[in-house]
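Next come the chains, spelled out residue by residue.
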Amino acid sequence: MNYLNPLLLGGLLAAAIPFIIYMFNRSQYKVHKWGAMHLLDAAMTTNRKKIKLEQLLLILLRSCIPLFLAFCMARPVITGMKNLIKNAKSSMVVLLDNSYSMESGDSVQNSFQKATDETSKVIESLPRGSQVAVLGMAGPVAKKEVSGYDLSQSKRVIRDAKGGFGSASPAESFEKAAGLFSGTMHHADRQMVIVSDFQKSSWGKETGDARKRAYELVNSANVKPRLVLMDVGGKTQDNVAVESIELSQSVIGVEQKVKIRANLKNFSNKSFTDLRVYFRADGESKSASQVNLGANETTQVLFSHSFSTPGSHVIEISIDADSLKADNACSLSVPVLDKLPVLLIDGDPDLQPLKSETAFINFALQPFAATKAELKDMTVPEVVSAKAFKPEQAVESRVIALANVNKLSDKQLKALQDFVSNGGGLMVFPGDKVDYNWYNSKFLQNGRGLLPLKLGKINARTDEEEPASIVSQHYNHPALELFNDPRNGSLSGASIKLWYQLQNIEGGSTDNESVKTIAKLDNGDAFLVEKKFGHGRVIMSSLPIDADWSNLPMKPFYLPLMQQIVGYLASTVYPPRNLEIGQSLAAILPLSDNGKVATLTDPVGNVHDLPIIAKGSQSVIDFADTNFPGIYVLRTPDDQTIHYVVSTDRSESNLDRMSESEIQDLAREMNAALVKNYDEYRETDQSRRYGQEIWMGLLWVVLIAAFGELFLIQYFTEKRV
Amino acid sequence: MAEISKFLTAKDVQTVSNLQILARQVVEGFCTGLHRSPNKGYSVEFRQHRQYVHGDEIRHLDWKVYGKSDRFYIREYEEETNLRGTLLVDASGSMDYASEGISKLFYATRLAACLAHLMLQQADGVGLVTFDKKVRKFIPARSTAKHLSVCFDALESTKAGGETELSKVFKELVPKLQRRGLLVIISDCFADVPSLLKSLAHFRHAHHEIIIFQVWDRAELDFPFDRWTRFESMEDEAFHLIDPAHVKKNYMKRLEEFREQLTKGCHRHKVDLVPVVTDEPFAEALAKYLTLRSRR
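A few points on the structure. (Residues numbered from 1 in each chain as written. Chains lettered and ligands numbered in written order. Predicted model: local features only at pLDDT ≥ 70, side-chain atom pairs only at ≥ 80, totals over all residues. Heavy atoms only, no water.)

## Section: the overall build of chain A
When helices and strands are tallied, chain A shows 16 helices and 34 strands. Taking 2.2 N^0.38 as the reference for a compact globule, 721 residues should give roughly 27 Å; the C-alpha atoms of chain A span a radius of gyration of 40 Å, well beyond that estimate. For the C-alpha atoms alone, the extent of chain A along its principal axes is close to 150 × 50 × 50 Å. In chain A, buried positions account for 47% of the 721 residues. Counting only contacts in chain A whose residues sit at least 6 apart along the sequence, the fraction spanning at least 24 positions is 74%. The averaged location of the 81 negative side-chain charges in chain A is 10 Å from the averaged location of its 77 positive side-chain charges. (Helix = DSSP H or I, 4+ residues; strand = E, 2+ residues; numbered from the N terminus. Rg over C-alpha atoms; globule rule 2.2 N^0.38 Å. Buried < 20%, exposed > 50% of the residue type's maximum accessible area, 1.4 Å probe, protein only. Contact = heavy atoms within 4.5 Å. Lys, Arg positive; Asp, Glu negative; His and termini not counted. Charge placed at Lys NZ, Arg CZ, Asp CG, Glu CD.)

This is the structure we're talking about:
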């Protein structure tokens with residue numbers, strides 16, 4: 001045991017004062033001649049021992065008061081058997097929960113503000129020369145990785161830290177902390193302070209295993225850090241979130257009406273009536289709606305809009321339901337096309353009407369132009385023979401269709417591969433002209449090429465036999481979802497006499513990870529298969545595109561089917577413009593822009609100059625620091641504007657916290673100290689560094705002794721009156 | 001005089017040293033207050049008629065009866081006896097106690113003087129006994145006026161001292177007080193209660209009426225001490241050095257027991273116990289006495 005004011009221990013001598021007073025009083029007696037001695041004798045003989053005991057008890061109690069008071073003022077500190085670290089420097093990793101759920105709380109101070117305030121105090125309390133690293137559990141807390149672990153730098157980081165990121169990931173954060181402890185942090189006293197609202201979605205059972213593994217990693221260090229859990233969460237708030245926005249069509253053209261569907265979810269047990277939902281396009285309020293949202297219910301709100309100009313647009317759906325702003329709005333970057341260029345490579349060109357291989361699809365992709373209607377087609381097909389196909393043409397197209405092409409030159413194939421891997425869409429329709437060997441070797445490349453599946457034998461139905469047909473089913477693929485509504489026609493109406501059997505490379509099942517069948521014939525053979533290739537997609541048909549082997553082009557569904565497939569393949573926007581936090585933002589520009597600078601304005605308003613770098617036949621822009629959710633606006637050298645929306649996932653919108661007992665269990669499991677604020681942290685740290693002060697307990701003893709003495713005097717004397 | 005005696009406190013008594021004057025002041029004043037004259041004398045009460053026999057005095061013949069019945073009848077009266085009161089005054093060491101003002105013995109002697117004066121005023125005989133553990137002075141009862149001075153002299157010369165042994169003294173007195181009468185014991189009765197009651201029973205057996213004026217000092221009843229005190233016995237060498245606060249409760253309990261035991265014992269033996277405190281006026285004590293006498 002140590003004493004903070006050891007000199008005051010001299011006050012222990014005051015314990016003798018009551019005894020001295022007793023002896024003094026006893027010696028200063030007065031003499032009284034007394035007549036009724038027989039009564040006094042009787043009173044004394046029966047109670048002499050009791051009286052002595054009472055007096056002894058009182059003296060002891062009175063001695064206790066100055067004794068414990070002196071002891072209390074000397075501020076004793078219990079150290080136990082452990083060695084105290086006193087002012088030893090610490091290496092500390094602060095894991096700061098900066099997920100957007102931390103922004104909930106009362107209007108005065110939300111959980112994140114409380115977290116940064118308390119963390120700043122914790123850092124300030126560290127001895128000079130300590131190392132501190134602050135890690136965000138949901139996103140980076142600093143623009144650049146902080147190294148050097150300087151205290152003032154860490155305080156600055158905490159002060160400037162912003163919340164609003166997606167889900168906190170304890171396991172990942174623990175792993176990072178373990179890396180720091182085993183790396184450059186070198187003080188013997190190590191601490192890991194985890195500041196969080198302990199939301200179930202991040203700390204619940206489902207994340208337990210990964211967290212335990214990461215925690216074991218932290219504990220496997222030679223010098224185990226001391227763990228402190230700081231619970232800064234408040235009472236669970238009501239919350240309604242705009243979970244997502246969906247568009248009715250994958251490719252949007254100018255003046256084309258598009259339906260926008262917002263999914264709203266109420267995460268609370270409270271019902272919201274007449275909840276206002278706002279729709280904005282490019283920052284302008286377009287319309288608003290009202291919905292009722294019951295407790296824990298999900299609902300959808302529909303808006304429609306048409307864009308008058310092509311280019312990059314941003315739409316936003318927002319509500320004004322609760323104080324947690326981060327999930328009250330959801331945005332989407334929408335590229336609006338003026339035209340959709342499709343290159344049709346014809347392997348069997350013919351000048352006669354409807355005789356060429358691409359005649360029907362050409363007609364289906366520009367019905368208004370073909371019928372000389374006044375309406376404008378968005379899709380602009382261009383037919384080119386296989387021989388005339390030039391690689392430059394691929395760059396200018398969004399979708400390319402190979403129609404009964406015999407084979408392509410290596411250069412043409414390379415151009416196609418680049419086109420698809422950069423996000424382009426390719427349709428492959430076989431026919432009687434195809435070169436089996438080329439298709440199953442160079443085009444297939446043993447599964448690594450563009451062709452999804454190997455071309456097998458040609459299956460046929462004789463005239464006596466019933467022709468094959470496409471299986472009518474519920475289609476999950478976006479390109480075929482339209483046909484789930486019977487009013488849009490049924491794919492089963494076509495009669496098919498000949499078709500290619502599509503085989504996987506081993507000759508077994510046609511399904512594997514990158515290839516999926518999206519429609520089948522009634523005999524089980526694949527009709528349409530899809531393969532992801534780079535950032536683009538390839539859809540292959542087992543039928544030719546013309547009417548040679550089937551009556552497909554004669555059917556009413558042919559036109560919408562082709563439109564849907566082309567639209568689907570063109571919908572891939574690459575590089576993506578709707579990103580998650582931390583995902584790199586990129587743009588592909590013409591090679592001529594190489595060396596120039598584009599400007600990017602982030603959601604906070606900071607402007608970044610981004611160099612444009614040549615990469616192959618194109619120039620690219622890359623920006624990795626998408627750490628904050630919101631809209632990033634890129635302005636290219638040719639004054640083109642591209643919007644990027646960086647958003648967080650909505651798992652944090654469910655603000656349910658772990659119960660007190662669950663947090664305590666977690667602390668026990670992690671062998672961690674559980675505190676609510678800096679004061680509690682200081683108490684645990686003080687006792688660890690300097691031992692446990694017990695003056696408060698002693699002060700209570702003094703008070704109890706004082707009251708006890710009063711009570712006993714009352715009991716022994718006053719009551720005798 | 002009535003006004004003075006009514007408010008005559010023990011302190012006032014100190015100023016009047018002459019016992020006789022004090023006694024007369026107290027008694028006359030008190031009796032005047034009660035509208036009764038002490039000079040009224042005694043009356044003769046008729047008892048019965050009986051037939052005249054030879055040798056009866058002729059003066060006792062009832063001539064009116066003879067005139068009516070022509071027979072001689074003698075008028076018989078109650079025997080005319082005076083009260084023989086004996087005052088037994090305790091002069092033991094404990095009677096010398098005085099917390100403030102007058103001592104218990106001082107009070108006792110003055111009270112005895114008053115009672116003697118009162119009795120003689122009523123033509124009763126008065127005797128006096130002073131004692132500690134043995135009889136110190138024994139003055140037989142007389143009803144002469146001179147006798148009062150004898151009693152007063154004896155009282156004035158009485159000094160406290162010696163131990164108390166009431167039972168022994170009372171046993172000693174029983175043969176000396178053969179003729180029945182009134183015994184007025186003025187004492188603090190600090191003795192063993194059973195043996196005291198036993199000795200009182202002897203008096204009662206001899207047909208004495210007994211009144212005990214138990215004299216208390218206020219401090220003996222209240223025990224008002226608050227600092228360490230060495231209580232030294234007034235009758236022997238015993239002492240107790242104590243913190244009175246710790247003993248008070250038990251002392252009061254013992255006191256209560258002692259008084260209750262004595263009161264019950266006296267009641268059982270038909271002895272009148274009159275507790276008096278030295279700070280009370282004598283008139284109150286006398287009133288208690290006369291109240292008790294009038295009941296008989």
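Let us keep going from here.
## Section: the overall build of chain B
Secondary structure assignment for chain B yields eleven helices and ten strands. By the burial criterion, 48% of the 296 residues in chain B qualify as buried. Across chain B, every contact between residues at least 6 apart in sequence was considered, and the portion connecting residues at least 24 apart equals 73%. Counting every atom, chain B has about 15,300 Å² of accessible surface; 48% of that belongs to carbon and sulfur. (Areas by Shrake-Rupley, 256 points an atom, 1.4 Å probe, with all protein chains shown as cover.)

## Points about unusual backbone geometry
All names here are of chain A. Positive phi values are uncommon outside glycine, yet glutamine 445 reaches one of about 50°. Structurally, glutamine 445 is set in the loop between helix H12 (436-443) and strand S20 (454-460). In this structure glutamine 445 comes out as partly exposed when scored by relative accessible area, which is 28%. Residues other than glycine seldom take positive phi values, yet asparagine 446 does so here, at roughly 55°. Within the element layout of this structure, asparagine 446 appears in the loop between H12 and S20. Overall, asparagine 446 belongs to the exposed group, its relative accessible area being 56%.

## A closer look at empty space enclosed by the protein
All names here are of chain A. Inspection of the entire model under this criterion finds two cavities of 30 Å³ or more. Reported here for the largest cavity is a volume of approximately 50 Å³. Surrounding the largest cavity, Phe429, Phe527, Leu528, Ser541, Leu543, Pro544, Ile545, Leu552, Leu561, Met562 and Ile565 form its lining. The set of elements that each furnish at least two residues to the lining of the largest cavity consists of strand S23 (526-533) and helix H13 (558-570). It is H13 that contributes the most residues to the lining of the largest cavity, three residues altogether. Its residues placed into classes, the lining of the largest cavity shows ten nonpolar, one polar and no charged. (1 Å grid on protein atoms, 1.4 Å probe; cavity = no way out; pocket = protein on both sides within 12 Å on 5 of 7 lines; lining within 4 Å. Points joined across faces, edges and corners; volume = space filled by probe spheres on them. Nonpolar A, V, L, I, M, F, W, Y, C, P; charged D, E, K, R; others polar.)

## A closer look at the pairing of strand S28 (residues 607-611) of chain A
Consecutive side chains along a regular strand alternate between the two faces of the sheet. With five bridges joining them, strand S27 (residues 597-601) of chain A and S28(A) adopt antiparallel strand pairing. By the bridge assignment, A:Thr601 is partnered in S28(A) with A:Val607. (Pairing = 2+ DSSP bridges.)

## Side note on the side chain of B:Asp188
Within the fold, B:Asp188 resides in the loop between strand S6 (182-187) and helix H8 (193-205). Judged by its relative accessible area of 0%, B:Asp188 is buried.

## What about helix H7 (residues 166-173) of chain B?
Residues and elements named next belong to chain B. Within H7, burial applies to Leu166, Ser167, Val169, Phe170 and Leu173. All buried residues of H7 fall inside an arc of 165° around its axis, so they share one side. Of the surrounding secondary structure, the elements contacted by the buried residues of H7 are strand S3 (84-90), strand S4 (125-131), strand S5 (135-142), S6 and H8. (Arc of directions from axis to C-beta.)

## Comments concerning a nonpolar patch on the surface
Residue and element names in this part refer to chain A. Taken together, the side chains of Leu8, Leu69, Met73, Trp695, Met696, Leu699, Trp700, Leu703, Ile704, Phe707 and Leu710 make up a nonpolar region of the molecular surface, amounting to roughly 1,100 Å² of accessible area. Secondary structure elements with two or more residues in the nonpolar patch: helix H2 (37-73) and helix H16 (695-716). Tallying contributions element by element places H16 first for the nonpolar patch, with eight residues. In this fold, leucine 699 is placed in helix H16. (Patch = residues over 30% accessible without salt bridge, like charges linked within 9 Å, V, L, I, M, F, W, Y side chains within 5 Å. Salt bridge = Lys/Arg side-chain N within 4 Å of Asp/Glu carboxyl O.)

## Brief notes about the sheet that holds strand S8 (residues 229-233) of chain B
The strand order S2(A)-S8(B)-S9(B) describes an open sheet built from three strands, whose pairing is mixed. The outermost strands of the open sheet, each flanked by one partner alone, are strand S2 (30-34) of chain A together with strand S9 (239-242) of chain B. When the angles between neighbouring strand axes are averaged without regard to direction, this sheet yields 20°. Where S2(A) and S8(B) come together, five bridges link them in parallel fashion. (Axes fitted to C-alpha atoms, helices over the stretch in contact; angles between N-to-C directions.)

## As for the interface of chain A and chain B
Taken together, the contacts link 31 residues of chain A with 31 residues of chain B. A combined buried area of about 3,100 Å² lies between chain A and chain B, and 68% of that area is made up of carbon and sulfur atoms. Remark: the boundary between chain A and chain B carries one salt bridge. With a shortest N-O distance of 3.3 Å, B:Glu232 and A:Lys33 are connected by a salt bridge. Here chain A is connected to chain B by ten residue pairs in polar contact (both at pLDDT 80 or more). Contributions of two or more residues to the side of chain A that touches chain B are made by helix H1 (17-27), S2 and H2 of chain A. Per-element tally for the side of chain A that touches chain B: the top contributor is H2(A), with 15 residues. Of the residues contributing to the side of chain A that touches chain B, the split by class is 15 nonpolar, nine polar and seven charged. (Buried area = accessible area lost by both parts, 1.4 Å probe. Polar contact = N/O pair within 3.5 Å; in protein donor to acceptor, adjacent residues only side chain to side chain.)

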